[in-house]
Amino acid sequence: MHKTIRNVYCVGRNYRLHAEELGNAVPEEPMIFMKPSHALVMMNGQTLALPEGRGEIHYEAELVIKIGKEVCPGEVINQVVESYAFGIDFTLRDVQSKLKSKGHPWTAAKGFLGSAPISEFMPFEGIDTLIESDFTLNKNDEEVQRGNIQDMIFSLQDIVDYVALHYGLGEGDIIFTGTPAGVGPVKSGDMLKLSFAGEDIGSITIK
């Protein structure tokens, strides 16, 4: 998987209720950060070891889009997105809070090994397919997050345009597009399962 994925872009605070639940202001333009490709791991039912002794680790379920070609100005989503998946942006929340208070970058809180579990990619058939259904995250068989791209502050088109303009977007780049409300901590033994349109698409157990 790592050979086919180049840059891993992520969008922060892209659902209004999530920004509010963390006490953050709603951004006026997309807030972009990155994870190393080494953070990626497939969600195939395995056990995933996460850092110990660094405070709470929070799950953040997200739609992930994969770019299929170099993005030029004026191109629409359907021309440039090749496939989509769903993933979890794991965050060392206590570490992030300390970094934010010092004005430091978020990499230590967001980019650790295993911080970006992801499902298999599925062919992108247009925005309408994604709007028709919600994605959900269950923790130990209880739904904790539910999202729909209609609730995004910045649309997929906004995000692709912004990233392409400021950083560049090309074949093999992926974008974690933001998380809805309901984020919370995980502990050893928790089982997390992602679903879309009622279909289970990936799971992991935390160690």
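The structure reproduced in this document is the subject of the present report. Worth saying up front: this structure is predicted, and the values here are computed from it rather than measured.

Mapped onto the elements, K193 comes out in strand β15 (residues 191-196). C-alpha of K193 to C-alpha of N140: the two residues are 53 residues apart in sequence and 8.1 Å apart in space.

Turning to the sheet that holds strand β8 (residues 91-92), a few remarks are in order. Read across the sheet, three strands follow the order β8-β5-β14 without closing on themselves; strand pairing throughout is antiparallel. With one partner strand each, in any of the chains shown, β8 and β14 (184-185) form the two edges of the open sheet. Where strand β5 (residues 57-59) meets β14, two bridges bridge the pair, whose relative direction is antiparallel. For Y59, the partnering residue across the bridge sits in β14 and is G184.

Glancing now at the sheet that holds strand β12 (residues 142-147). What holds strands together in a sheet is hydrogen bonding between their backbones, with the strands either parallel or antiparallel. Ordered by their spatial adjacency, five strands build an open sheet running β4-β16-β15-β11-β12, and the pairing between neighbours is mixed. Looking at which strands have only one partner, the edges of the open sheet turn out to be β4 (47-48) and β12. Where strand β11 (residues 135-139) meets β15, five bridges bridge the pair, whose relative direction is antiparallel. Note on β15: the bridge partner recorded for T136 is S195.

So, about the side chain of E62. Here E62 is to be found in strand β6 (residues 61-67). K110 is the oppositely charged side chain nearest to the buried, salt-bridge-free E62, at an N-O distance of 5.7 Å. Among the polar contacts listed, one links the side chain of E62 to the backbone nitrogen of G178, at a separation of 2.8 Å. The residues contacting E62, other than those within four sequence positions of it, are V11, A85, F86, G87, D89, F135, F176, T177, G178 and T179.

On to unusual backbone geometry, then. Unlike most non-glycine residues, D141 shows phi in positive territory, near 65 degrees. Within the fold, D141 resides in the loop between β11 and β12. When its relative accessible area of 59% is taken as the criterion, D141 is described as exposed.

Conventions adopted
- Residues numbered from 1 in each chain as written.
- Predicted model: local features only at pLDDT ≥ 70, side-chain atom pairs only at ≥ 80, totals over all residues.
- Heavy atoms only, no water.
- Helix = DSSP H or I, 4+ residues; strand = E, 2+ residues; numbered from the N terminus.
- Pairing = 2+ DSSP bridges.
- Buried < 20%, exposed > 50% of the residue type's maximum accessible area, 1.4 Å probe, protein only.
- Lys, Arg positive; Asp, Glu negative; His and termini not counted.
- Salt bridge = Lys/Arg side-chain N within 4 Å of Asp/Glu carboxyl O.
- Polar contact = N/O pair within 3.5 Å; in protein donor to acceptor, adjacent residues only side chain to side chain.
- Contact = heavy atoms within 4.5 Å.

Interpretation note: all reported values are geometric properties and have no functional meaning in isolation.
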